[in-house]
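# Observations on the model geometry
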Amino acid sequence: MPLSHPRRSALSEQVIAALRNEIASGEWPVGSRIPTEPELVEQLGVARNTVREAVRALAHNGLLDIRQGSGTYVLATSELAGVIHRRFADADPRHIAELRSTLESSAARLAAERRTERDLKQLDALLVRREEAWESGDTEAFVTADTTFHLAVVAASHNDVMTAMYADLGEVVRDWLREDVGEELTPETHMDHTRLVDAIRAGDAQTAASEAAGYPFLCRPGRSAAAGRPGRAGQRGQPEQEAQPGQEADVTSGG
């Protein structure tokens, strides 16, 4: 992707736009390491200082994380996502669960009413990928598969504003899920999302909304004991509320 060579500030803006596009398009996923500085210089056909300036600008905006001795990693998909991630990095996990429940429930209800055949095929494929990631035992792969599935449910609502907002919350949700599933995926903490997809396919808006609303509040066994401690993972339980309709009686993990 060689670039033209206008004045320095305009060239830097072109490089920033090119790097941002790689991130937004998914070519460089969140959590991945971007090409090295020499590689970017070769790919873009610009000076090292221009590349360095662009990378620092995106790091300042929260899209990239420069780690000395390791490389530069994608932190967020947009400036807003970066801001949201920093703003809510230390938020009460219970509040994140409540936000997820509200957004995902509304989106699932709309998805049941508006989904297309293409949406259903996408959800089926992502549901399979989610199960495969769980069975692999790779926690990070599961986190990615699970959050991608939930974003697809929101996207099936065909509400562009809701979808963009949920996408910008992506890394907050990933952090939440990483903490919830822990370091080991075990059979007793598995959560099946088949009923949600079935409800969306059947056009059953009430069941879809109920299923989606309940998932964020399910937690790993033993976590509920910590529910009263502010800012602790155990707050993801709902000790003061009855289970949502359609919600499993036992507590499990997997968002």
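This is a predicted model, so every value here is computed, not measured.

## Some words on the overall build of the chain
Looking only at helices and strands, the chain features eleven helices and two strands. Traced from its N-terminal end to its C-terminal end, the chain shows the element sequence α-α-α-β-β-α-α-α-α-α-α-α-α. Out of the 255 residues in the chain, the part that is buried amounts to 47%. Pairs at least 24 apart in sequence give 70% of the contacts found in the chain among residues at least 6 apart.

## Here we look at the nonpolar core
Grouped together as the largest cluster of nonpolar side chains are 22 residues, with contacts concentrated most on Phe 142, Leu 177 and Val 181. Those elements giving two or more residues to this core turn out to be helix H5 (93-114), helix H6 (117-136), helix H7 (139-155), helix H8 (160-168) and helix H9 (170-181). Of all hydrophobic cores here, the second largest spans 21 residues; its members include Ala 152, Met 191, Ile 200 and Ala 208.

## Describing unusual backbone geometry
Even without being glycine, His 158 reaches a positive phi, approximately 55°. Topologically, His 158 is positioned in the loop between H7 and H8.

## Observations concerning the packing of aromatic side chains
Scanning the model with the defined rule gives one aromatic pair in all. Consider the rings of Trp 134 and Phe 142, whose centres lie 4.9 Å apart with planes at 80°: the pair is edge-to-face. The ring of Tyr 73 has Arg 67 sitting right over it, with the charged end atom 4.0 Å from the ring centre.

## Digging into H7
When the terminal C-alpha atoms of H7 are compared, their 24 Å separation across 17 residues agrees well with the 24 Å that a helix rising 1.5 Å per residue should span. Buried residues of H7: Thr 139, Phe 142, Val 143, Ala 145, Asp 146, Thr 147, Phe 149, His 150, Ala 152, Val 153 and Val 154, and no others. Residues of H7 that are buried in the fold lie against H5, H6, H8, H9 and helix H10 (194-202). Its side-chain oxygen at 3.1 Å from the backbone nitrogen of Glu 140, Asp 138 defines the N-terminal cap of H7.

## What about helix H4 (residues 79-88)?
Listed in full, the buried residues belonging to H4 are Ala 81, Gly 82, Ile 84 and His 85. Viewed along the axis of H4, the buried residues span an arc of 165°, placing them on a single side of the element.

## As for the side chain of Thr 163
On the secondary structure map, Thr 163 appears in helix H8. Within polar-contact distance, the side chain of Thr 163 engages the backbone oxygen of Asn 159 at 2.9 Å. Apart from residues lying up to four places away in sequence, Thr 163 is in contact with Leu 151, Val 154, Ala 155 and Ser 157.

## Re the pairing of strand E1 (residues 64-67)
Of the pairings in the sheet, the one linking E1 to strand E2 (residues 71-74) comprises four bridges and is antiparallel in character. Bridging across to E2, Arg 67 finds its partner in Gly 71.

## Points about the environment of Phe 88
Along the chain, the position of Phe 88 falls in helix H4. Judged by its relative accessible area of 33%, Phe 88 falls in the partly exposed class. Separated by 81 residues in sequence, Phe 88 and Leu 169 have C-alpha atoms that sit 9.3 Å apart.

## Points about the confidence of the model for the chain
Within the chain, residue pLDDT values average 81, and 82% of them lie at 70 or more. Throughout residues 220-252 the model reports pLDDT below 50, and contacts reaching past four residues in sequence, or to other chains, amount to 64 contacts.

Conventions and cut-offs
- Residues numbered from 1 in each chain as written.
- Predicted model: local features only at pLDDT ≥ 70, side-chain atom pairs only at ≥ 80, totals over all residues.
- Heavy atoms only, no water.
- Helix = DSSP H or I, 4+ residues; strand = E, 2+ residues; numbered from the N terminus.
- Buried < 20%, exposed > 50% of the residue type's maximum accessible area, 1.4 Å probe, protein only.
- Contact = heavy atoms within 4.5 Å.
- Core = buried A, V, L, I, M, F, W, Y, C linked by side-chain atoms within 4.5 Å.
- Phe/Tyr/Trp six-rings, centres within 6.5 Å; stacked < 30°, edge-to-face > 60°.
- Lys NZ or Arg CZ within 6 Å of the ring centre and 35° of its normal.
- Expected span 1.5 Å × (residues − 1).
- Polar contact = N/O pair within 3.5 Å; in protein donor to acceptor, adjacent residues only side chain to side chain.
- Arc of directions from axis to C-beta.
- Pairing = 2+ DSSP bridges.
- pLDDT = per-residue confidence, 0-100.

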